[in-house]
Amino acid sequence: MPDYVDSPTLRHERKHVKQWEKRGVKFALDYFREGAIDACENKYEEQAGYVDGGYPCVP
Ligand SMILES: [Zn+2]
């Protein structure tokens, strides 16, 4: 498997895809309600992984 397929960023984004598949449009609404401005306040970003997503958050 090439490196880029398993990069932390892709791993992170794939988790968002899973969240989307699970919840559909509700995910989008919840995501923005959780905090689209501060990712560190967003539980979906926490679930997808702050480090993998490149966010400097302390869990
Ligand atoms: Zn993210």
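First, a word on scope: everything that follows refers to the structure included in this document. This one's a predicted model, so the numbers in the text were calculated from it and none came from an experiment. (Residues numbered from 1 in each chain as written. Predicted model: local features only at pLDDT ≥ 70, side-chain atom pairs only at ≥ 80, totals over all residues. Heavy atoms only, no water.)

### Focus on the packing of helix α1 (residues 8-23) against helix α2 (residues 25-35)
Relative orientation of the contacting elements α1 and α2 amounts to 120°, with a least axis distance of 6 Å. Classified by the angle between their axes, α1 and α2 sit oblique to one another. Touching His16, Gln19, Trp20 and Arg23 of α1 are Val25, Lys26, Phe27, Ala28, Asp30 and Tyr31, all from α2. (Axes fitted to C-alpha atoms, helices over the stretch in contact; angles between N-to-C directions. Helix = DSSP H or I, 4+ residues; strand = E, 2+ residues; numbered from the N terminus. Parallel < 35°, antiparallel > 145°, perpendicular 65-115°, else oblique. Contact = heavy atoms within 4.5 Å.)

### What to know about the coordination of the zinc ion
Six octahedral donors around a metal ideally sit at 90 or 180 degrees from one another, while four tetrahedral donors ideally sit at 109.5 degrees. Looking at the zinc ion, the protein donor atoms are His12 (NE2), His16 (NE2), Glu45 (OE) and Glu45 (OE), and they sit 2.0 to 2.6 Å from it. Note that the zinc ion binds 4 donor atoms; their angles at the metal cover 56 to 145°, and the shape is irregular. If you list the donors of the zinc ion from N- to C-terminus, the spacing comes out as H-x3-H-x28-E. Residue His12 and its partner His16 are both found in helix α1; the two are separated by 4 residues, about one turn of the helix. The class for His12 is buried, based on a relative accessible area of 1%. Using a relative accessible area of 10% as the deciding quantity, one classes His16 as buried. (Donors = N, O, S within 2.8 Å, 3.2 Å for Na, K, Ca; no water. Tetrahedral: all angles 85-135°; square planar, octahedral: opposite > 155°, others 65-115°. Buried < 20%, exposed > 50% of the residue type's maximum accessible area, 1.4 Å probe, protein only.)

### Quick word on the environment of Arg23
Residue position: Arg23 is located in helix α1. Leave out the neighbours within four places in its chain, and Arg23 touches Asp30 and Tyr44.

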